[in-house]
Amino acid sequence: MKLSDLTYEYPEDLIATFPSRPTRVMRVQANNSPEEITLNELLKSIPEADVLVINNTKVLKRRVFTDQEVEVLFLDNIDNNKASNTWKVLFPSKKNAIGDILNLPNGFKMKLLEKGRPQIVEVSPAISDIDFAQMAELPLPPYIQKARQQRHNAQDDEAWYQTAWAKIDGSMAAPTASLHFSNDDIQSLKNRGVQVIDLTLHVGLGTFLPVTVEDLNQHQMHSEKYEISSENWQNILNAKSNGKKIWALGTTTTRVLESVARTNLLFGATDILLQAGSEFKIVDRLLTNFHQPESTLLALVAGFSSLEKVKTSYAWAIEKKYRLFSYGDLSLWLK
């Protein structure tokens, strides 16, 4: 698949800067034109005993601003301690030299040790989750900041940018398809006999880095940590073997399910790249937001459906003024 295959034009004013309420849903079936349904119609369309798989990751507050308003995203602590000195980070370091020291809030200092993507820095004194809770923000996508013309989080982002069932700390971004649903929605599905199964995938560095090669086969996906219990995986396989459909809420759950189907590893890290030509062994229904051009997420949707179907459906949605990206509207793709 080519990067240039994944381009499309959209009006900037369709970038959602706050959650879509009520959520609009574009339903896409293989042989039909796209159609709009309500979220309630979507929920009612999931048959009894089908499986909905959700991601229970929780977004970390790890975006910190220096005294010069330089934005630093703390990714992983290299020391693997709760309070750590050495970190992988992302920040605009072009004008900095090795050894430069940047001032963080609350008296912390950050020394640049290595350049690259990511950079390696040393923080003194050691920084902990308690410190991040006091001085960091959630890592909203840069396009939301740009559309708002505001680099810092809005007050409501801490509620808006977490799923209703977020519980396992570790993600650098929200599984945004889940932001459309409440715990009441999930309970209503369970009451009707739909199996709701959770797993964990922590969104990592790959979400923030652009694809820089024309041939997607040459793109190096960054690994993201995941885990699913043996009981949950067996329930998915049992439902599949009994002819039930597996509904993946988001690209993150899709990546886990398709990774486990290929490796039989219930936990670890996945660098799977799903695109045109990929076989989807588990997922029958894909619920996902509208994705940016030239992204691996858009490639995944094109792999699940088809590139032609994605392009015509996105054009339809843009004409209908669906709101785009992380805080935008929802799409449902049926095999």
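Model, not experiment: these values are computed from the prediction. (Residues numbered from 1 in each chain as written. Predicted model: local features only at pLDDT ≥ 70, side-chain atom pairs only at ≥ 80, totals over all residues. Heavy atoms only, no water.)

Our next topic: the overall build of the chain. When helices and strands are tallied, the chain shows nine helices and 17 strands. Whereas a compact globule of 335 residues would reach a radius of gyration of roughly 20 Å, the chain reaches 20 Å, a difference of no more than 12%. Taken over the C-alpha atoms alone, the chain extends approximately 60 × 45 × 40 Å along its principal axes. Expressed as a percentage of its 335 residues, the buried residues of the chain come to 51%. Here the contacts in the chain between residues at least 6 apart in sequence split such that 71% fall between residues at least 24 apart. Within the structure as shown, the chain displays about 15,600 Å² of accessible surface, and the carbon and sulfur contribution to it stands at 47%. (Helix = DSSP H or I, 4+ residues; strand = E, 2+ residues; numbered from the N terminus. Rg over C-alpha atoms; globule rule 2.2 N^0.38 Å. Buried < 20%, exposed > 50% of the residue type's maximum accessible area, 1.4 Å probe, protein only. Contact = heavy atoms within 4.5 Å. Areas by Shrake-Rupley, 256 points an atom, 1.4 Å probe, with all protein chains shown as cover.)

With that out of the way, let us pick up the sheet that holds strand S3 (residues 51–55). Read from one edge of the open sheet, nine strands run S2-S1-S17-S16-S14-S3-S12-S13-S15, paired in mixed fashion. The strands lining the two open edges of the sheet, one partner per strand, are strand S2 (35–38) and strand S15 (267–270). Here the strands of the sheet are splayed against their neighbours by 25° on average, with no regard to which way each runs. Across the sheet, helix H7 (residues 251–263) lies against S3, strand S12 (195–201), strand S13 (224–227), strand S14 (246–249), S15 and strand S16 (285–289), angled at about 85° from S12, the strand it touches most. Where helix H9 (residues 307–319) meets the sheet, its contacts fall on strand S1 (24–28), S2, S16 and strand S17 (330–334), and the angle it forms with S1 comes to roughly 150°. (Pairing = 2+ DSSP bridges. Axes fitted to C-alpha atoms, helices over the stretch in contact; angles between N-to-C directions.)

A separate point is the environment of Ile-15. Tracing the sequence through the fold places Ile-15 in the segment before S1. Overall, Ile-15 belongs to the buried group, its relative accessible area being 8%. Each C-alpha atom, one on Ile-15 and one on Lys-115, is 32 Å from the other, the two residues being 100 residues apart in sequence. Those residues in contact with Ile-15, other than ones at most four positions away along the chain, are Tyr-10, Tyr-143, Ala-147, Leu-324 and Phe-325.

Here we take up the packing of aromatic side chains. Inspection of every chain in the model, using the stated rule, returns 13 aromatic pairs. Taking the centre distance of 5.5 Å and the plane angle of 85° together, the rings of Phe-74 and Trp-87 count as edge-to-face. With a gap of 13 residues between them, Phe-74 in strand S6 (residues 71–77) and Trp-87 in strand S7 (residues 83–90) connect regions that are remote in the sequence. Taking relative accessible area as the criterion, Trp-87 reaches 1% and is therefore assigned buried. (Phe/Tyr/Trp six-rings, centres within 6.5 Å; stacked < 30°, edge-to-face > 60°.)

The probe, sized like a water molecule, is rolled over the atoms to show the empty space still left. Counted according to the given criterion, the structure contains two cavities of 30 Å³ or more. Taken together, the residues of the lining of the largest cavity sort by class into six nonpolar, one polar and two charged. Size it by volume and the second largest cavity reaches roughly 40 Å³. The wall of the second largest cavity is formed by Pro-19, Ser-20, Arg-21, Leu-179, His-180, Ser-326, Tyr-327 and Gly-328. (1 Å grid on protein atoms, 1.4 Å probe; cavity = no way out; pocket = protein on both sides within 12 Å on 5 of 7 lines; lining within 4 Å. Points joined across faces, edges and corners; volume = space filled by probe spheres on them. Nonpolar A, V, L, I, M, F, W, Y, C, P; charged D, E, K, R; others polar.)

Moving on, we come to the nonpolar core. Membership of the largest hydrophobic core comes to 61 residues, with the highest contact counts inside it found for Met-26, Tyr-161, Leu-216, Ile-236, Ile-246, Leu-257 and Trp-333. Looking at this core element by element, the count peaks at six residues for helix H8 (residues 296–304). Ile-37, Phe-181, Ile-186 and Leu-332 belong to the second-largest nonpolar core, a separate cluster that totals 21 residues. (Core = buried A, V, L, I, M, F, W, Y, C linked by side-chain atoms within 4.5 Å.)

Attention now moves to the pairing of S14. The two faces of S14 match: Ile-246 and Ala-248 on one face and Trp-247 and Leu-249 on the other face are all buried. In the sheet, S3 pairs with S14 via three bridges, with the strands oriented parallel. Residue Leu-52 lies in a different strand from S14, and its bridge partner there is Trp-247. For S14 and S16, the ladder comprises three bridges, and the chain directions are parallel. In the sheet register, Leu-249 faces S16, and the bridge partner there is Leu-287.

Attention now goes to helix H5 (residues 183–191). Among all positions of H5, only Asp-185, Ile-186 and Leu-189 are buried. In an axial view of H5, the angular spread of the buried residues amounts to 100°, which keeps them on one side of the axis. Within H5, the exposed residues directed more than 90 degrees away from the buried face are Asp-184 and Asn-191. In this fold, the buried residues of H5 make contact with helix H1 (39–45), S3 and S12. Positive phi shows up at Gly-193, right after H5, with a value of about 100°. (Arc of directions from axis to C-beta.)

What follows concerns the side chain of Thr-254. Within the fold, Thr-254 resides in helix H7. Contact partners of Thr-254, with chain neighbours within four places excluded, come to Ala-248, Leu-274, Phe-280, Val-283, Leu-286 and Leu-300.

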